[in-house]
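Inside the fold
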Amino acid sequence: MTAVAEPRRATREASPVVAFLVRRLIGALLALFVASVLIFVGTAVLPGDAASVVLGRGATPQAVHTLDERMHLDRPLLEQYTSWLGGFVHGDLGDSSVGLAQGQKHAPVWDLISNQVKNSVILALVTALFMIPLSLGLGALAAVYAGRAVDHAVSIGSLAAIALPEFVIGSLLVGVFFVWLDVLPPVALIPPGDNPLSHPEKLVLPVATLLLASLAAGIRMVRAGMVEVLQTEYVQTARLNGLAERWVLWRYAMRNALAPSVQVLAQNLQWLIGGIIITENVFAYPGIGTTLVTAVGNRDLTLVQSVAMMIAVVYVFLNLLADLIVMLLVPKLREPA
Amino acid sequence: MRSAFRFLRIRSGAIGLAVVVFVVVVALFGRYVAPHDPNVPVGTPLSGPSSAAHLGTDFLGRDVLSRLLYGGRSVIGLAAAATVLAYAIGLAIGLIAGYSRSKVDPILMRTVDVMLAFPPLLFLLVLITGAGSGVGVLIIGVAAIQAPSISRIVRTATLEVTVRGYVEAAVARGERAAAVVVREVLPNILAPVLVDAGLRFTYSILIIASVNYLGLGLQPPASDWALLISENREYIALNVWAVLAPAAMIALLTIGVNLMGDAIARSLGRSYVPRTTRSVPA
Amino acid sequence: MSGDGGGPVVRVEGLCLELTSGDPVVQDVSFAVGAGEILGLVGESGSGKTTTALALLGYTRPGVVLRGGSVEVGGEAIMGSGARAVRSLRGRVVSYVPQDPGGALNPSLRVGDAIMDVLRAHRSDAASHDSVHTALERVELGADPRFGRRFPHQLSGGQQQRVTIAMACVCGPPVAVLDEPTTGLDVLTQDRILTELLRLRSEEGMAMVYVSHDLAVVARMADRIAVMYAGRVVEHGPVDEVIGRPRHPYTRALVGAIPDVRRPRALRGIPGVAVGVGEWPPGCSFAPRCAFAQERCQAAVPALEETSARHAVRCVRRDELELSEPGSGGARAAAPAGAGRPLLEVSGLEVEYRSGRGRNVAVRDVSFAIEAGRCVALVGESGSGKTTIGRCIAGLHVPTAGRIVFDGQELDGSARDRALDQRRRIQIVFQNPFESLNPRHRVGASIERPLRILRRLSRADAAGEVSTLLERVRLPARVADRYPVELSGGERQRVAIARALAAKPDLLVCDEVTSALDVSVQAAVLELLAELQRDLHLSMLFITHNLGVVACVSDSVLVMDRGSLCESGAVQDVLSTPSDDYTRRLLGAAPCLPDRAVG
């Protein structure tokens, strides 16, 4: 039913990819714009008066008024929004509301969190380093041996792990490795300024917690994708043509299961962001997560706004990256529609 | 609806249901058999199990067992309410988008895409920063997190069903859109939509428990299982039960729901095989 | 025709396959294929033909096990052998051409590389770009030297199938198994592929086992034919003999059910429903549906025995029965000419789709009329716009331009905006029987709906009417309480027809209503439609791509080519002396049964 297609020239093959990139970039910017509005509305618009939220119930009207000025809350909402967003784009993350409330003239957010950002990134990278190959490997293994002992073990293990919140997993791990075996520390307090990698024993439990929680979901979905591919007609036809099984698994199954797996893994990495927030709190790891939670608890509006925006940027960027990789992997998507 | 209970034939599904029923019973009715008031100290803090406190005492000396028996309602109730609300919103949006297919659909779906581009926990935290830690905030926030992906699934299922002969026959009869959607479309999309209901409920539980754990949801002195864990975590070496017991309850609940959900998905998957034309090998 | 190089290339003896539950799927199947010979394996759903064919590759689908018997290809046993032996034989001694080429090609592999994979698996020394190019040339794809660099999604259906054929031939196997390779293709494309296959056989001397439900196609391709019913071979022999003078009642009924463009006649279906796995009756499995059955037929399974040279039949009455061609009743009785204005008038119909890339014209300036009580066939290949026209008439699609006038009144584009009476008098039956009934409603409820909505009957009256309607479509009344999933495809289609009749329509739009059905079931449904049309004085717009059906069912025909009406007229005229070139090509490509042997 399709018309005969002309072979694509190599020079023209670049343009669908570029067009796609441009489209997705615009989409990403749009998403970030909406995210910024959401964040701004959530923190600065919702509470009737942000300053009293920061100061708490016992605040004197005088203190509220002073803080209002310091936080520029007396200016129209739209101006507050644009100045915040403008500052963010230029790298100026504003002053911490709590800091301002405490009387400091300047309390730049970036100074407060730069270390933490670094620590969180390291934690995330170390986890990702293990998670990606393990997800792919174990998921494919479970799919190839579907229905047999290996698959059942992986299935049940992942079902349990998926069901448990990180703080439960973390607490249980601490219970086993600290209370019972006493081989690992229960908290991961890295001295400020230190490189976390120089305290590997403190990283073990947080990374293990994150892995246990995220691997489960990743394995299940990689497995499901692989099982689906293994049941396609082209895999069946390849076998009926007499191709060796290992050849079929790699070139016919894995190759086509890779694209959806990438999407799954990207989703998992995004989800990791939420996991990091909690896990850092469980182990008192000095990262963005603990900072954020403390800030939310203190109602430090500016801090929350800037950190949230940063995280949103990473989130959207991961999405974009995943889509790009998928596009490169699947030849059909490189055609103009 | 007779097929709804077919999942019980799968052993894991029956086990899951049993576990969930157990936990729900404890959560709902535990308070009537609790030996002590959950907010009143009954002994030295962090002492081990004794005849007065079967699971020992927590960091303020309160009876862990009693707090455990009081602590289930919050998480289960909040998660259930949030999930139901999410499905209601998601079904409405998805059905409208999938059925009308013309002008409304792209707008709705762009909005959904943008919502999905935002990290869920972060959204909840931002919301709490602004609106506080009330029960309403939690329910609406979690529902707002789940509704977009539900609406996506509903829309896909609706699109698939709307082109089938029986829906077109109804349209050709001139039936009103609402009648067609309710009579012909809705019963046939429930299967694919509810396939992951178990996972979604689990996710609601997880995220609410996590927020409670962070101290940003329910506040002390509430007896919530997640709060119990976070309160007593530092002292885990002194009374392991103060952390282990609530952790076990949460674990049982979520694993049970997951087992059930998995069994439901598999039993629905079997009966939901879409029939193709005669190209079935003879 | 069959050059004998010493021993048959395929030898199947007493093959028995069954489900793990013990129900037999294929039983006591034996046949042999000589070098360069084409064996047609024919049957309908549930016959076991595909399972048997795949067994030639040593494959059984999950849940099916070998119970007994043997399969040899090229002199070596393949069924039940070790994995390594089986793999070595596949592709090299026995190869496979799948039914759906689009799904059978690896979407992320260039077609040249896919062909190379097969070569490499069996003769690594011969694996080179030259051999791939030669293979492509053999299937007439060698014109473009860079063809091998394309991906499957960049090819048309016909090209994809040629690639799979190239893959099947590249190692020069003595026999190929083809599983309905042209079922998903257009008639013209099918014709070209079949020509290709015949050429390959004569040039390469490759034997083939050609599985199909389409007797007409098999008649063109095969030297010998084996007919299967309920897992057993019921007749086999030279193709002209089996089709010209069938000895088994099932074969005879099957031949009688095949629509033939050259010989339009009323088709006859087979009463009853095909037996599924696990439902085989004792004795001869065809007996419950056989017009010639006697008591002894059900006593024991008849043996397959030869009646003449290489012609065997599985029927205890084979020597008694003298099977003539099933009563055909001659050509269709022409309906009386309509008086006054036509029932339906379509003028200047245009349907345009706008997509991101521009306009796509599906229907271009189509005009025609349907008189009361007449059946008009709307014929074309996929993409010709015929279904779109039907949907516009039924009110499911609003045309871009043009008028539809029904009984003197202009119709609104959308059914919602039409008068109740207009909605009632035009009804449509859809192609896919598995999707035309709401799986959550009982059959009775589905039929009742139009009774309540379009005829405003009360609940009590409606219930009675449902039974009457079911009777009309020859279904037992108890079907009303069943759910669609419990019915077969043919039964569901009858229910869909009953639902359409419930409104007491004057015009019935049939959108490829038999395309998804087995041949004999199709004949039965067509028989029913013809009867209904006569008795109820119904007008019909019969949409189909099958020219043979047109000949048997309609009074006049409209031929569509890519959105435009290229020819119209009375059936006899158009089919015997077509004036348009496209119609001529369609007629030429339509497979038909061989002329009967005289005597």
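In short, a report on the structure. Residue numbering note: each chain is counted from 1, following its sequence as written. Chains carry letters from A onward and ligands carry numbers from 1 onward, assigned in written order. Local features in this predicted model are restricted to residues of pLDDT 70 or higher, and side-chain atom pairs are both shown and tallied only at a pLDDT of 80 or more, whereas totals for entire chains, interfaces and linings draw on every residue.

Thoughts on the interface of chain A and chain B
Throughout, a residue-residue contact means that the two C-beta atoms, derived from backbone geometry, are no farther apart than 7 Å. Taken together, the contacts link 42 residues of chain A with 37 residues of chain B. Note on conventions: DSSP H or I runs of at least 4 residues are helices, E runs of at least 2 residues are strands, and numbering of each starts at the N terminus. Mapped by element, the contributors of at least two residues to the side of chain A that touches chain B are helix 1 (10-45), helix 7 (149-163), helix 8 (166-180), helix 11 (245-283), helix 12 (288-298) and helix 13 (301-329) of chain A.

Side note on the sheet that holds strand 22 (residues 564-570) of chain C
Strands belonging to one sheet form pairs held by backbone hydrogen bonds; the direction of such a pair is parallel or antiparallel. All names here are of chain C. A pair of strands is considered paired only if DSSP assigns at least 2 bridges between the two. Sheet architecture is open: 6 strands sit in the order 18-19-20-15-21-22, paired in mixed fashion. Of all strands in the sheet, those with a lone pairing partner are strand 18 (426-429) and strand 22, marking the two edges. Adjacent strand axes in the sheet meet at a mean angle of 15 degrees, parallel and antiparallel pairs treated alike. Looking at chain direction, strand 15 (residues 375-379) and strand 21 (residues 556-561) are connected through 4 bridges and run parallel. For leucine 378, the partnering residue across the bridge sits in strand 21 and is leucine 558. Helix axes use the C-alpha atoms of the stretch in contact, all axes being lines fitted to C-alpha atoms, and the angles between their N-to-C directions lie in the range 0 to 180 degrees. Contacting strand 18 and strand 19 (507-511), helix 15 (residues 489-501) runs over the sheet at an angle of about 170 degrees to strand 18.

Looking at the sheet that holds strand 9 (residues 224-229) of chain C
Residue and element names in this part refer to chain C. Sheet architecture is open: 8 strands sit in the order 6-7-8-3-9-10-12-11, paired in mixed fashion. The open sheet has two edge strands with one neighbour each: strand 6 (94-97) and strand 11 (305-308). Here the strands of the sheet are splayed against their neighbours by 25 degrees on average, with no regard to which way each runs. Bridge count between strand 10 (residues 232-238) and strand 12 (residues 311-313): 2 bridges; the pairing is antiparallel. Each bridged residue has a counterpart across the sheet, and for histidine 236 the counterpart in strand 12 is alanine 312. Relative to the sheet, helix 6 (residues 157-169) contacts strand 6 and strand 7 (175-179), its axis offset from that of strand 6 by approximately 175 degrees.

Some points on the pairing of strand 10 of chain C
Taken residue by residue, a regular strand's side chains alternate between the two faces of the sheet. Residue and element names in this part refer to chain C. Taken across its 7 residues, strand 10 has 6 buried, putting it largely inside the fold. As defined by bridge partners, strand 9 adjoins strand 10 across 6 bridges and the pair is classed as antiparallel. From the neighbouring strand, methionine 228 faces strand 10, where its bridge partner is valine 233. Adjacent in sequence and paired antiparallel, strand 9 and strand 10 are bridged by 2 residues, among which alanine 230 carries a positive phi angle near 45 degrees. Buried means a residue has 20 or more other C-beta atoms within 10 Å of its own C-beta, exposed means 12 or fewer, and partly exposed covers the counts in between; C-beta atoms are placed from the backbone.

A word on the interface of chain C and chain B
Accessible area lost on assembly of the parts is the figure often given for the size of an interface. Contacts between chain C and chain B engage 34 residues on the former and 20 residues on the latter. Going through the elements one at a time, helix 1 (49-55) and helix 13 (443-453) of chain C are the ones with two or more residues in the side of chain C that touches chain B. Considering every element that reaches the side of chain C that touches chain B, the biggest residue donor is helix 1 of chain C, with 3 residues. Here the side of chain C that touches chain B is built from residues that sort into 13 nonpolar, 14 polar and 7 charged. Three categories are distinguished: nonpolar for Ala, Val, Leu, Ile, Met, Phe, Trp, Tyr, Cys and Pro, charged for Asp, Glu, Lys and Arg, and polar for the others, with Gly belonging to the last.

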